[in-house]
Amino acid sequence: MSDFHDRPSDDLTLPAPRAGGIAARASAALRPAGAPDYLQGLNPEQREAVETLDGPLLVLAGAGTGKTRVLTTRIAHILALGKARPFEILSVTFTNKAAREMRERVGKLLGEVAEGMQWLGTFHSIGTRILRRHAELAGLSSSFTILDTDDQIRLLKQVLAAENIDDKRWPARQLAFAIDGWKNRALSPKDVPAGEAQSFAAGRGAELYAIYQARLKQLNAVDFGDLLLEPIRLFRDHPDVLEQYHRRFKYMLVDEYQDTNVAQYLWLRLLAKGSTNLACVGDDDQSIYGWRGAEVENILRFEKDFPGAKVVRLERNYRSTGHILNAASHLIAHNQGRLGKTLRPQTELGEKVTVAGAWDSGEEARQIGDEIEALQSKGHKLDEIAILVRASFQMREFEERFITLGLPYRVIGGPRFYERAEIRDALAYLRVVASPADDLAFERIYNTPKRGLGDAALKQIVEVARAEEIPLLEAARRLLDGPDLKPKPRATLKELAQSFDRWSGLVDKIPHTELAEQVLEESGYTDMWTKDRSAEAQGRLENLKELVRSMEPFENLRGFLEHISLVMDADRGPSEDAVTIMTLHAAKGLEFDTVFLPGWEEGLFPHQRSLDESGRAGLEEERRLAYVGVTRARRRAKVWFASNRRIHGMWQSSIPSRFLDELPEADVDVIEAPATFGGGGMGGSYGASRFDRAEPFKSTYDTPGWRRAQENRGPASPGPGARRGGPVTIEGELVASSTATSAGFPTGARVFHQKFGNGTVVEVDGNKLTVAFDKAGHKRVVDSFVKAA
DNA sequence: CTTACCCCGGTTTTT
DNA sequence: CCGGGGTAAG
């Protein structure tokens, strides 16, 4: 394709003036004599994985066995031997974070050579790169925009409306979910199995999918799924294009292969027809994303798919101590569908995994909080402690407890930076400024802040736009010339259109950060939040400033927007020493000295829905999640379950997770909960216990401690009419002061709290304040957590 | 157009 | 029990 040659910077045409030099330099630097330095210190399996360069290779890398090291060293090895030049290696990851890390580590090994690795990135970023090159062949222009989930939903709502489909009965979200599912499986509208198309809007599923695709093309836009699918179509329909990539990619590496979906698999297969030097690294035991399209089968089938494939197992674990690994291995051995490998500890047995029960989730949080304080006083860093939960609602209880204790924590997950409403609004403004034809962005902000442009005005604009086949902003301008608009919307719309003209005119004239500030200011957007009195407003303004700051490293507005459409996470700066609270899913790939695993109860973990929807496969995926959780711990893994938990506002009694039974007794200590506020004393206030009748936990354990723990579980949920809210806690008495500062807020002072917003101090007790929050009610907080409002 | 209620749903999440 | 989204009234 000639467009390969249009771009001077196109690596496919680069003569690679420095290529020889790179290889030579790398070899010189890395190979003083004999085996090169970078191979030193690899164990035999790792070394085999690095040195097996030709032919398909599957590296089954157990948790903590040096997977990333193998990947990066392998790249170094290929380059050092001069087998390929940096831009002839395709290496794909799932997340930007993983891509960044790999680039950094290759950089450390080889210096600036890593810069030349233009094909190191996520499936989506590489897909974008390919698609931009050949956009015309896919019916797009190379400046296509990438829609995120929000835009996608908005567009689908429009499609549903245009097709007169009741979006009550058939929510756009559901259609989006279906389409994503089809795209994950690389199905075009015509390929959608009739049975599945049937499931939406009386059989119109595939039809709506087709209309949606047509709309995307009109808007010159793609969604995330298209970033994989379009290249696949391109490769299939244009063998000459595929051929060029075959010539290009001498080596291919794939990280987290167990997470690939059908589309990614097909994408890889097409590319792998060129060279069979495909190395996939993954761990079937850590496949936890089946629910979003990942096919464990891909990794299980590897040897069949790629005949002659070599399989290397990395089983030496350098992360965790013996008991932890034994426990994890024993647990995961209960799964049927796995390739099978056993983690082998490289160090001492260390501490046993502990299992402890609590009366309810509140007590669980208190106990864990106490334990963390104990660890802290023994000199453990909070950064090295994590609480890994199955579902995010579990986090709240820990947060509240930690606030009371004054224990610094950070929550990973939640709404991410670029998903916050204010950020998305701001970006929508910038998108319209950069490309006035971006209808979805325009639609998002044309009445944000409220400027009196409602549905009526929008409807008029849309009508004109559709009739004339022009973008919304253009249509708005045309309406201004005509007689149809009412005076008020006309004036407002005129001003808005003029503003956009002005801003667009400034794009190449003033620095983009400055332009962004100006847009946010002049549009009244900043003002909107300044005037807002809600608890979050202050934080939102901070976020907007942060957004502008994050634009600085980019050359221009366009470059920034391209970046953020694919990189939806922002690098948050380093922060103080704090306990990490996150979901098990978010914890994959991370490690901590001490890991708390609360909520191991039937129904929550394994999650009922997983069981209901996916049966045995669901259970096995839950079990893999448990395995991921346990293997995050370097030295201490502490599992908890609670006998009572409030779900949807109702107290439910629960039985311990079957996964507890699957932990090997020899590696586990059952901890008897110390007497607490929940256990005995309050018994009187509870009615007859449903728990008494509940199926007893059939344990394979038979230690005195375990039996006592079983017996101690006592009565369970309060009967109807019983006092709600669980056992009384005497917060003040439980508090072990971990912060001794006294910022000295007087009673009556107005204060601001990150989580609870503004409030008035009603009582002061040392460094602990009782604050009447405007929104959140009365809370007892440590003064270092609030600042003067 | 904005505000006040009502109803539904509530696992995990990247790009 | 809580929040989002959508509807109905001001």
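On a predicted model such as this, the values are computed, not experimentally measured, just so you know. (Residues numbered from 1 in each chain as written. Chains lettered and ligands numbered in written order. Predicted model: local features only at pLDDT ≥ 70, side-chain atom pairs only at ≥ 80, totals over all residues. Heavy atoms only, no water.)

(A) Up close: the overall build of chain A. Scanning chain A for helices and strands turns up 31 helices and 23 strands. For chain A, buried positions account for 53% of its 789 residues. Residue pairs at least 24 apart in sequence account for 76% of intrachain contacts in chain A once pairs closer than 6 positions are excluded. Carbon and sulfur atoms make up 51% of the accessible area of chain A, which totals about 34100 Å². (Helix = DSSP H or I, 4+ residues; strand = E, 2+ residues; numbered from the N terminus. Buried < 20%, exposed > 50% of the residue type's maximum accessible area, 1.4 Å probe, protein only. Contact = heavy atoms within 4.5 Å. Areas by Shrake-Rupley, 256 points an atom, 1.4 Å probe, with all protein chains shown as cover.)

(B) Focus on the environment of Met528. Inspection of the secondary structure assignment puts Met528 in helix α24 (residues 525–531). On the accessibility criterion, Met528 (24% relative accessible area) is partly exposed. Considered as a pair, Met528 and Val507 are 21 residues apart in the sequence and their alpha carbons are 24 Å apart. Contact partners of Met528, with chain neighbours within four places excluded, come to Thr448 and Pro449.

(C) Local environment of the protein's contact with DNA strand C. Neighbouring DNA strand C are Lys157, Lys168, His648 and Gly649. Of what DNA strand C places within 4 Å of the protein, 57% of the atoms are sugar or phosphate. Side-chain polar atom of Lys157 to a phosphate oxygen of DNA strand C: 3.3 Å apart, as the coordinates give it. Split by residue class, the surface near DNA strand C holds no nonpolar, 2 polar and 2 charged. (Near = heavy atom within 4 Å. Polar contact = N/O pair within 3.5 Å; in protein donor to acceptor, adjacent residues only side chain to side chain. Nonpolar A, V, L, I, M, F, W, Y, C, P; charged D, E, K, R; others polar.)

(D) Broad picture of a negative patch on the surface. On the surface, Glu514, Glu517, Glu521 and Glu552 cluster together into a negatively charged patch. Here Glu514 falls in the partly exposed class, since its relative accessible area comes to 41%. (Patch = residues over 30% accessible without salt bridge, like charges linked within 9 Å, V, L, I, M, F, W, Y side chains within 5 Å. Salt bridge = Lys/Arg side-chain N within 4 Å of Asp/Glu carboxyl O. Lys, Arg positive; Asp, Glu negative; His and termini not counted. Charge placed at Lys NZ, Arg CZ, Asp CG, Glu CD.)

(E) The packing of aromatic side chains, seen in detail. Tallying each qualifying case throughout the model produces 23 aromatic pairs. Counting every residue linked through ring pairs, the aromatic cluster contains Tyr429, Phe500, Trp503, Tyr525 and Trp529. Sitting over the ring of Trp291, Arg292 keeps its end group 5.9 Å from the ring centre. (Phe/Tyr/Trp six-rings, centres within 6.5 Å; stacked < 30°, edge-to-face > 60°. Lys NZ or Arg CZ within 6 Å of the ring centre and 35° of its normal.)

(F) Seen up close, the sheet that holds strand β8 (residues 310–314). Strands sit in the order β3-β2-β6-β7-β1-β8 across an open sheet of 6 strands; the sheet is parallel. Each of the sheet's edge strands pairs with one partner strand only, and the pair in question is β3 (120–122) and β8. Taken over all neighbouring pairs, the strand axes of this sheet differ in orientation by 15 degrees on average, direction set aside. Bridge analysis of strand β6 (residues 251–254) against strand β7 (residues 278–282) gives 3 bridges, and the strand direction is parallel. Paired with Val254 across the bridge in β7 is Cys280. The strands touched by helix α2 (residues 44–51) are β1 (57–61) and β8; relative to β8, the strand with the most contacts, the crossing angle is about 145 degrees. Sheet strands touched by helix α5 (residues 123–133): β2 (89–93), β3 and β6. Its angle to β3, the strand with the most contacts, is close to 105 degrees. (Pairing = 2+ DSSP bridges. Axes fitted to C-alpha atoms, helices over the stretch in contact; angles between N-to-C directions.)

(G) Spotlight on the packing of helix α18 (residues 421–434) against helix α22 (residues 487–506). For the pair α18 and α22, interaxial distance at closest approach is 8 Å and the crossing angle is 75 degrees. Judged by the inter-axis angle, α18 sits roughly perpendicular to α22. Facing Tyr429, Val432 and Val433 of α18, the residues of α22 in contact are Phe500, Trp503 and Ser504. Split by residue class, the contact of α18 with α22 holds 5 nonpolar, 1 polar and no charged. (Parallel < 35°, antiparallel > 145°, perpendicular 65-115°, else oblique.)

(H) Representation of the UniProt feature "binding site: ATP" (unreviewed entry) in chain A within the structure. In this structure's numbering, the residues bearing the UniProt feature "binding site: ATP" (unreviewed entry) are Ala61, Gly62, Ala63, Gly64, Thr65, Gly66, Lys67 and Thr68. Residue placement: Gly64 occurs in the loop between β1 and α3 (67–80). Here Gly64 is in contact with Arg316, Asn317, Tyr318 and Arg319, once residues within four sequence places are set aside. On the secondary structure map, Gly66 appears in the loop between β1 and α3. (UniProt positions renumbered as here; feature names shortened; annotations may be inferred.)

(I) The arrangement of the protein's contact with DNA strand B in detail. DNA strand B sits among 27 residues. The nearest are Arg390, Ser392, Gly454, Thr583 and Arg609. Backbone sugar and phosphate groups make up 54% of those atoms of DNA strand B lying within 4 Å of the protein. Residue Arg390 places a side-chain N or O atom 2.3 Å away from a base oxygen belonging to DNA strand B. Partitioning the surface near DNA strand B into residue classes produces 7 nonpolar, 13 polar and 7 charged.

(J) Here's a closer look at unusual backbone geometry. Residues Thr448 and Pro449 are joined by a peptide bond in cis, for which omega reads 0 degrees. The topology assignment puts Pro449 in the loop between α19 (439–445) and α20 (455–468). Cis geometry marks the peptide bond from Phe605 to Pro606, where omega comes out at 10 degrees. Counting through the fold element by element, Pro606 comes out in the loop between β15 (592–597) and α28 (608–630). At Asn164, a residue that is not glycine, the phi angle is positive and equals roughly 55 degrees. Tracing the backbone through its elements, the reader meets Asn164 in the loop between α6 (149–162) and α7 (172–184). With relative accessibility at 73%, the residue Asn164 sits in the exposed group. Positive phi outside glycine occurs at Glu256, with the angle close to 50 degrees. Note on placement: Glu256 falls in the loop between β6 and α12 (262–272). Residue Glu256 is classed as buried on the basis of its relative accessible area, which comes to 18%.

(K) View of the nonpolar core. Ranked by size, the top nonpolar core spans 62 residues in total, and within it Tyr257, Trp267 and Leu271 carry the most contacts. Among the elements that line this core, the one with the most residues is α12, at 7 residues. (Core = buried A, V, L, I, M, F, W, Y, C linked by side-chain atoms within 4.5 Å.)

(L) Expanded view of the pattern of salt bridges. Under the criterion given, the structure shown has 63 salt bridges. Across the pair Glu51 and Arg47 runs a salt bridge whose closest N-O atoms are separated by 3.3 Å. One end of the pair, Glu51, and the other, Arg47, are both in helix α2, 4 residues apart, so they sit about a helical turn from each other. What makes Glu51 partly exposed here is its relative accessible area of 37%. Taken together, the salt bridges that share partners define one network made up of Asp148, Asp150, Asp151, Arg154, Arg424, Asp425, Arg431, Asp438 and Arg444.

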